[in-house]
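Close look at the chain arrangement
Chain by chain, the residues:
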Amino acid sequence: MNSVLGRRTRILAATTATAGLLLVAGCSSDDGGGKKTTAGGVTLVKGGQLTTCTHLPYPPFQSEIDGKVQGFDVSVIDLVAKDLGVKQEIVDTPFENFKTGAFLNSGQCDLAAAGMTITEERKKNVDFSDPYFDATQAVLVDKKSGVNSLADVKSKGVKLGTQAQTTGEDYAKSKGFDPVSFESSDAVLNGLRTGQVKAVIIDYPVVQGWLKDKATADAFKVVDNLNTGEQYGFTVKKGNTKLVAAINKALKNAKADGTYKKLYEKWIGPYDASAASASPSAS
């Protein structure tokens, strides 16, 4: 996900049950005099709501479906919002700001949920929740490309695509590739469909979602699954320990009572028990 000039200030009100798509001129921390602290003691940037920064689209974690922002991340954070007695509202923002924590520091959002890999570099700028998803990178290729592995991509000089500012792109560059960078996961898939690239490296759950479409499955195939040891986490402004605790509590409860499994099967696919047994991230 590359640099997007200007701030997209669409606010997307989203909950799994009642999410209308709300377009407004901007996002303000002014709550109109409303109470900013929930019963759980978590201070919010806007009274009565848990404001989540994300970057659309990134299915199956978050994307606009039937006029509502939905997905695995959205559903999990809805659990946090429910515990706090508020509704979740989603703000679509450039991905680069998640790495710096800019929108958290400016008070635009309470947390960020964007299928973001926990890394030591990112921990310098934001605080992560416990891991909520174990991820791998997939190599998806055009079936007509003659490519059967990542090694083939390099040896045959096949043009490779990635999503900018992501760990998938970092991995490709670490292996000596000079990938074509695309702004979003949808743009990556479009680049593959239009022949701009013949292979892509991107998170495997995203590929799983793509391959549910028969036309995509007929044209493309996974030739490598790269276990990079990645785990996703939600982020908050550094020092916001109460919100981290609220997120971690919701995750723990969802894994214990079966809710996590149901959401996983709904949005990701067949349940992988290892995803629910991810150990808490190191401080």
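Because the structure is a prediction, the values reported are computed rather than measured.

Notes on the state of the cysteines
What makes a disulfide is a covalent bond joining the sulfur atoms belonging to two cysteines. Taken as a whole and assessed by the stated rule, the structure comprises one disulfide. The partner cysteine of Cys53 in its disulfide is Cys109, sulfur to sulfur 2.0 Å. In this structure the cystine formed by Cys53 and Cys109 twists about its S-S bond by roughly 70°; its chirality is therefore right-handed. Remark: Cys109 occurs in the loop between α3 (102-105) and β6 (111-112) and Cys53 occurs in strand β2 (residues 49-54); sequence separation between them is 56 residues. Of the two residues, Cys53 and Cys109, both sit in the buried class.

Comments concerning the environment of Thr166
Along the polypeptide, Thr166 turns up in the loop between β9 (160-163) and α6 (167-174). The buried category is assigned to Thr166, whose relative accessible area is 14%. Note: C-alpha distance between Thr166 and Glu96 (70 residues apart in sequence) is 9.2 Å.

Overview of helix α1 (residues 72-84)
Between the first and last C-alpha of α1 there are 19 Å, a value that for 13 residues agrees with the 18 Å anticipated at 1.5 Å per step. Counting buried positions along α1 yields ten of 13 residues, so the element is predominantly enclosed. Looking at α1, one finds that the buried residues are Phe72, Asp73, Val74, Ser75, Val76, Ile77, Asp78, Val80, Ala81 and Leu84.

Topic: helix α11 (residues 259-267)
Along α11, the residues classified as buried are Tyr260, Leu263, Tyr264 and Trp267. When α11 is viewed along its axis, its buried side chains cluster within an angular range of 105° and face the same direction. Residues of α11 that are exposed and point over 90 degrees away from its buried face: Lys262 and Lys266. With its phi angle positive at about 140°, Gly269 sits one or two positions after the end of α11.

Some details on the sheet that holds strand β8 (residues 133-142)
Judged by pairing direction, the sheet is mixed, and its five strands sit side by side in the order β10-β9-β11-β8-β12 without closing on themselves. This sheet does not close on itself; its edge strands, each paired only once, are β10 (180-182) and β12 (220-232). On average, adjacent strands in this sheet sit at an angle of 25° to one another, irrespective of strand direction. Examined bridge by bridge, β9 and β10 share three bridges and lie parallel to one another. Paired with Gly161 across the two strands is Val180, which belongs to β10.

Let's talk about the packing of aromatic side chains
What describes a pair of aromatic rings is the distance from one ring centre to the other and the angle between the planes of the rings. The full count for this structure, using the stated rule, is 14 aromatic pairs. An angle of 25° between the planes, with centres 5.8 Å apart, marks the rings of Tyr58 and Phe61 as stacked. The residues Tyr58 and Phe61 share a single accessibility class, namely buried. For the ring pair Tyr132 and Phe234, a centre distance of 3.9 Å and an interplane angle of 0° mean the geometry is stacked. With Tyr132 in the loop between β7 (126-128) and β8 and Phe234 in the loop between β12 and β13 (235-237), this pair connects stretches of sequence that are 102 residues apart. Among the residues examined, Tyr132 registers a relative accessible area of 0% and is labelled buried. One aromatic cluster is present, formed by Tyr58, Phe61, Phe72, Tyr132, Phe133, Tyr232, Phe234, Tyr260 and Tyr264 through successive ring pairs.

So, how was this worked out
- Residues numbered from 1 in each chain as written.
- Predicted model: local features only at pLDDT ≥ 70, side-chain atom pairs only at ≥ 80, totals over all residues.
- Heavy atoms only, no water.
- Disulfide = S-S within 2.5 Å.
- Helix = DSSP H or I, 4+ residues; strand = E, 2+ residues; numbered from the N terminus.
- Buried < 20%, exposed > 50% of the residue type's maximum accessible area, 1.4 Å probe, protein only.
- Expected span 1.5 Å × (residues − 1).
- Arc of directions from axis to C-beta.
- Pairing = 2+ DSSP bridges.
- Axes fitted to C-alpha atoms, helices over the stretch in contact; angles between N-to-C directions.
- Phe/Tyr/Trp six-rings, centres within 6.5 Å; stacked < 30°, edge-to-face > 60°.

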